[in-house]
Amino acid sequence: MAWHGPASASGAPPVGDRGRGALFRSAGVRFALVYAGVFGVSAFVLAVALWYSTLGLLQHQVQNAIHSDSQTLLEQEALGGLPLLETDIHNRLTNESEPDGIYLLLSATGQILIGNLDHWPAGLTQDNVWYELPVTRQGVASVALLQVQALPGGMRLLVGRDVRARLELRNVLRAGLIWALSLMMALGILGALFIRSVFRRTIRNISATTGAIARGDISRRVPVSGVGDEFDELAMSINEMLDRIARLMDGVRHVSNAIAHDLRTPVTRARSRLEDAALHASTKEEMQAAIDRATQDLDGIVSVFEALLRISEIEAGSRRAAFAPINLAPVLLDLDELYRAVAEDKQIVLHTEITEPLPVLADRDLIQQAVVNLLDNALKFSESLTVINFSARITGNVVQITVADRGPGIAETDKVRATQRFFRAESARNTAGSGLGLALVVAVAQLHNGTLYLQDNHPGLRAIISIPVYKEDRQSKEQERTA
Amino acid sequence: MRILVVEDDRDVAGFVLKGLREAGHTVEHADNGRDGLFLAASENFDAIILDRMLPGGIDGLRLLETLRGQDNATPVLFLSALGQVDDRVKGLKAGGDDYLTKPFAFAELLARVEALTRRGKSDGPATRLQVGDLEMDLLSRSVRRGTQKIDLQPREFRLLEYLMRHAGQVVTRTMLLEGVWDYHFDPQTNVIDVHVSRLRQKVDKPFETSLLHTVRNAGYMLRAEDA
């Protein structure tokens, strides 16, 4: 069967110390044992409770019957003296309605006046105390629950019930409970084995997947059963993590390729300029000019490197430590002030609409840089006398920062690639830039659990950074709860 | 000025030393952390240019922490290839006064070192700044040149204040972006040039002599004609 692990299937073969150690190191076995233990203990407690309550109830009933019986007889004695008592006892003894009834009336001298016991039971000494003693009833040995009442004149009345039947019932009950308990134990062990097998199967899935990934097959994912249980949750969160790792690795691979291709060009340019100068420059001025240009080229390469490092730093998520609740409005108004002058200089109208307040949980520097990139782009691609709309407002649960220009925009076919590193649209080939601006904006937006939308502004580009609004009450409460 | 350069890369160190000497400074050099700490602790310098990753068991951060632990307040500029935001924050937290990432332009390094030493000297509560006939009252936030009052926007005022505090020194675009706007990144567009040229319109244009000069390949300098 499925749950027959190597240890349980063999059963008889001796398990060495090492084997036993390994068995108990298995989390599945531990969980299964805990399960079986809890199940067994609860079943045992249930059985014991059942046992004592049933027997207690029976005992109580018999005692009640004996008590009321002897009370009635005492009342009869008080009413009509010894003769009435004797008649009453006699009636009871001949009446078949109470076959288990035991009565014995003893005179002051110790002689049996009436009763169905052969002799006074040994050990019955005190009045008004419950005894459970062996008795002989018409020559038949039995067990009875007994109580003695003292009567006036030194007589003693013994009233009791034969409880042999009850003892038999007790034996039947005990046997039943023991069977039930054994069955429960067996079920518990089966359940434990089942739990262990489920556990092992799931863990094995996960460890098979992670093992495959460790060996380099990053495309493997943990199978999700679709039941929606905790194991599925675990599997899904592991898969999510793997997706992110895969994305990061893709990014790294892409960057390495891009560096190889896109940095080669400016490096080649700088190198050839220097070599050309070394070989052909005839005047000091020519040499100086070549060196200056090459230095500029190198500066350009350095800035590309810095942008790349910045993006990977952001994508790695390490900047989340600098997150704080801030109002974006003044931050954006500062940027508006910084860029308004540039726009005016280029005879471009910067139309700004920023509503107050714009609470977000963010890294101020990163948001600034992302918006700066969008504004830089918009200014770079705008003709003079056109309008750039710069706005920020709360829409539903998100803060939307929009930069919309009237430039050439991004062709529909390029939109997906526009945010990749080093992507330059055909129409942008002749403008300066590294093709990293939007990649950084996307990285910043994603770090803030947000999105960058690139839409058609008819004509032009409308870039929207959308990040969640920071709700102080809810989040601070959540923090309190976790604290 | 007397400047200590702690830098293990021989080429970079040679380049920096030569440049600083040409700019008229006296320079000492250490190529490992231990010698650097010994020099820094035993002699007086106006500024220290400090690499972060150094041989000799004591790296730049340790060196600076030890120095600050001895109540030595010599201005320190970190010059490091560790350029992430966290690295920068770490450097400034350890007691660094400025942080420049490699590779760097020498003009930027020189401007920042000179700005550092100036900052060390004139931290007094100045209420008035003066460069040539340009005067700034920091209390009433008013600016006048000669007899004429100049109206400035708040940001223009801060830009001019920064330039005046560093009068006679080269101030780079990044320094302005950091010092006036508190931005720590490089915009691709010439935002700083635009703002400086606007300031120039107000401060220089209506007058005969100009105070705000552009320094080629470096930045700007505010200086009186005769200075």
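Let's talk about the overall build of chain A
Working step 1: Along the backbone of chain A there are 10 helices and 12 strands.
Working step 2: In chain A, which comprises 483 residues, the share counted as buried stands at 37%.
Working step 3: Intrachain contacts of chain A at a sequence separation of at least 6 include 61% that bridge at least 24 residues.
Working step 4: Approximately 27,200 Å² of chain A is accessible, and the part contributed by carbon and sulfur atoms is 59%.

Considering the overall build of chain B
Working step 1: Per the secondary structure count, chain B includes eight helices and 12 strands.
Working step 2: For chain B, the residues scored as buried account for 51% of the 227 residues in total.
Working step 3: For chain B, the exposed surface amounts to about 11,100 Å²; the carbon and sulfur share of it is 47%.

Considering a negative patch on the surface
All names here are of chain B.
Working step 1: A surface patch of negative charge is lined by Asp-8, Asp-9, Asp-11, Asp-31 and Asp-35.
Working step 2: Examined against the element boundaries, Asp-35 turns out to sit in helix H2 (residues 33–42).
Working step 3: Accessibility expressed as a relative area gives 40% for Asp-35, which makes it partly exposed.

Observations concerning the packing of aromatic side chains
Residue and element names in this part refer to chain B.
Working step 1: Per the stated rule, a full pass over the model turns up three aromatic pairs over all chains.
Working step 2: Note on Phe-15 and Phe-104: the rings are 6.2 Å apart at their centroids and 35 degrees apart in plane angle, and the pair reads as tilted. Of the two residues, Phe-15 sits in helix H1 (residues 10–22) while Phe-104 sits in the loop between strand E5 (98–101) and helix H5 (106–121), which places them 89 residues apart along the sequence.
Working step 3: Overall, Phe-104 belongs to the buried group, its relative accessible area being 17%.
Working step 4: Both rings, one in Phe-78 and one in Tyr-99, keep their centres 5.8 Å apart while their planes meet at 45 degrees; by these two values the pair is tilted. One end of the pair, Phe-78, is in strand E4 (residues 76–80); the other, Tyr-99, is in strand E5, and 21 residues separate them in sequence.
Working step 5: For Tyr-99, a relative accessible area of 2% gives the class buried.
Working step 6: Ring pairing ties together the aromatic residues Phe-15, Phe-104 and Phe-106, which thus form one cluster.

Considerations on the packing of helix H7 (residues 328–345) of chain A against helix H8 (residues 191–203) of chain B
Working step 1: Packing of H7(A) against H8(B) leaves a shortest axis separation of 9 Å and a crossing angle of 80 degrees. One way to sum up the angle between H7(A) and H8(B) is to call them roughly perpendicular. Only B:Val191, B:Val194, B:His195 and B:Arg198 of H8(B) make contact with H7(A), whose side of the interface consists of A:Glu337, A:Leu338, A:Tyr339, A:Ala341, A:Val342, A:Glu344 and A:Asp345.
Working step 2: Considering only residue class, the contact of H7(A) with H8(B) consists of six nonpolar, one polar and four charged.

Quick notes on the pattern of salt bridges
Working step 1: On inspection of all chains with the given rule, the structure shows 33 salt bridges over all chains.
Working step 2: Of the charged contacts in the structure, one is a salt bridge between A:Arg253 and A:Asp250, with a shortest N-O distance of 3.0 Å. Within this pair, A:Arg253 and its partner A:Asp250 are both found in helix H5 (residues 230–280), separated by three residues, close to a single helical turn.
Working step 3: What makes A:Arg253 partly exposed here is its relative accessible area of 44%.
Working step 4: The residue B:Lys202 makes a salt bridge to B:Glu156 at a minimum N-O spacing of 2.8 Å. With B:Lys202 in helix H8 and B:Glu156 in helix H6 (residues 154–165), this pair connects stretches of sequence that are 46 residues apart.

Focus: the confidence of the model for chain A
All names here are of chain A.
Working step 1: Confidence along chain A averages 81 in pLDDT terms, with 89% of residues attaining 70 or more.
Working step 2: Put simply, helix H1 (residues 6–10) is where chain A has its lowest mean pLDDT, 40, and strand E10 (residues 398–404) is where it has its highest, 94.
Working step 3: Within the model, the stretch residues 1–19 combines pLDDT values under 50 with 12 contacts to residues more than four positions away or in other chains.

What about the interface of chain A and chain B?
Working step 1: Contact residues are listed per partner, giving 23 residues for chain A and 19 residues for chain B.
Working step 2: With both chains or domains summed, chain A and chain B bury close to 2,100 Å², and 50% of this area falls on carbon and sulfur atoms.
Working step 3: Put simply, chain A and chain B have five salt bridges between them.
Working step 4: A:Arg364 serves as the salt-bridge partner of B:Asp182, at 3.0 Å between the closest nitrogen and oxygen.
Working step 5: Put simply, chain A and chain B have six residue pairs in polar contact (both at pLDDT 80 or more) between them.
Working step 6: With 10 residues, H7(A) is the largest single contributor of residues to the side of chain A that touches chain B.

Describing the nonpolar core
Working step 1: Ranked by internal contacts, the top residues of the largest apolar core, which has 101 residues, are A:Leu328, A:Leu332, A:Ile401, A:Ile465, B:Leu160 and B:Leu176.
Working step 2: Ranked by the residues each element gives to this core, the list is headed by H7(A), at 10 residues.
Working step 3: Here B:Leu160 is in contact with B:Leu134, B:Met136, B:Val143, B:Leu152, B:Leu199, B:Val203 and B:Leu222, once residues within four sequence places are set aside.
Working step 4: In terms of nonpolar packing, the next biggest core, distinct from the first, is built from 19 residues, B:Leu39, B:Ala40, B:Leu64 and B:Val76 among them.

A look at the environment of A:Arg406
Residues and elements named next belong to chain A.
Working step 1: By secondary structure assignment, the location of Arg-406 is in the loop between E10 and helix H9 (437–447).
Working step 2: Spatially, the C-alpha atom of Arg-406 lies 6.7 Å from that of Val-387, the residues being 19 residues apart in sequence.
Working step 3: Here Arg-406 is in contact with Ser-382, Thr-386, Val-387, Asn-457, His-458, Pro-459 and Gly-460, once residues within four sequence places are set aside.
Working step 4: A polar contact is formed between the side chain of Arg-406 and the backbone oxygen of Asn-457, at a distance of 3.4 Å.
Working step 5: Polar contacts involving the side chain of Arg-406 include one to the main-chain carbonyl oxygen of His-458, which spans 2.9 Å.

Regarding helix H8 (residues 364–381) of chain A
Working step 1: Helix length check: H8(A), at 18 residues, gives a terminal C-alpha distance of 26 Å against a target of 26 Å (1.5 Å per residue), a fit within 8%.
Working step 2: For H8(A), the N-terminal capping position is held by A:Asp363, with its side-chain oxygen 3.0 Å away from the main-chain nitrogen of A:Asp365.

Brief notes about a nonpolar patch on the surface
Working step 1: Where nonpolar side chains cluster on the molecular surface, the patch consists of A:Val41, A:Phe44, A:Val45, A:Val48 and A:Tyr52 and spans about 500 Å² of accessible area.
Working step 2: Topologically, A:Val45 is positioned in helix H3 (residues 27–94).

Remarks on unusual backbone geometry
Working step 1: Between A:Glu356 and the following residue, A:Pro357, the backbone shows a cis peptide bond with an omega angle of -15 degrees.
Working step 2: Note that the residue after B:Lys102, namely B:Pro103, is joined by a cis bond; omega there is -5 degrees.
Working step 3: Among the secondary structure elements, B:Pro103 is positioned in the loop between E5 and H5.
Working step 4: Unusually for a residue other than glycine, A:Gln347 sits at a positive phi of about 55 degrees.
Working step 5: Turning to its location among the elements, A:Gln347 is positioned in the loop between H7 and strand E7 (349–354).
Working step 6: Look at B:Asn217: it is not a glycine, yet its phi comes out positive at around 60 degrees.

Section: the environment of A:Ala321
Residues and elements named next belong to chain A.
Working step 1: For Ala-321, the position within the fold is in the loop between helix H6 (284–315) and strand E6 (324–327).
Working step 2: When its relative accessible area of 75% is taken as the criterion, Ala-321 is described as exposed.
Working step 3: The spacing of Ala-321 and Ala-362 is 41 residues in sequence and 9.9 Å in space, taken between C-alpha atoms.

Basis of the calculations
- Residues numbered from 1 in each chain as written.
- Chains lettered and ligands numbered in written order.
- Predicted model: local features only at pLDDT ≥ 70, side-chain atom pairs only at ≥ 80, totals over all residues.
- Heavy atoms only, no water.
- Helix = DSSP H or I, 4+ residues; strand = E, 2+ residues; numbered from the N terminus.
- Buried < 20%, exposed > 50% of the residue type's maximum accessible area, 1.4 Å probe, protein only.
- Contact = heavy atoms within 4.5 Å.
- Areas by Shrake-Rupley, 256 points an atom, 1.4 Å probe, with all protein chains shown as cover.
- Patch = residues over 30% accessible without salt bridge, like charges linked within 9 Å, V, L, I, M, F, W, Y side chains within 5 Å.
- Salt bridge = Lys/Arg side-chain N within 4 Å of Asp/Glu carboxyl O.
- Lys, Arg positive; Asp, Glu negative; His and termini not counted.
- Charge placed at Lys NZ, Arg CZ, Asp CG, Glu CD.
- Phe/Tyr/Trp six-rings, centres within 6.5 Å; stacked < 30°, edge-to-face > 60°.
- Axes fitted to C-alpha atoms, helices over the stretch in contact; angles between N-to-C directions.
- Parallel < 35°, antiparallel > 145°, perpendicular 65-115°, else oblique.
- Nonpolar A, V, L, I, M, F, W, Y, C, P; charged D, E, K, R; others polar.
- pLDDT = per-residue confidence, 0-100.
- Buried area = accessible area lost by both parts, 1.4 Å probe.
- Polar contact = N/O pair within 3.5 Å; in protein donor to acceptor, adjacent residues only side chain to side chain.
- Core = buried A, V, L, I, M, F, W, Y, C linked by side-chain atoms within 4.5 Å.
- Expected span 1.5 Å × (residues − 1).

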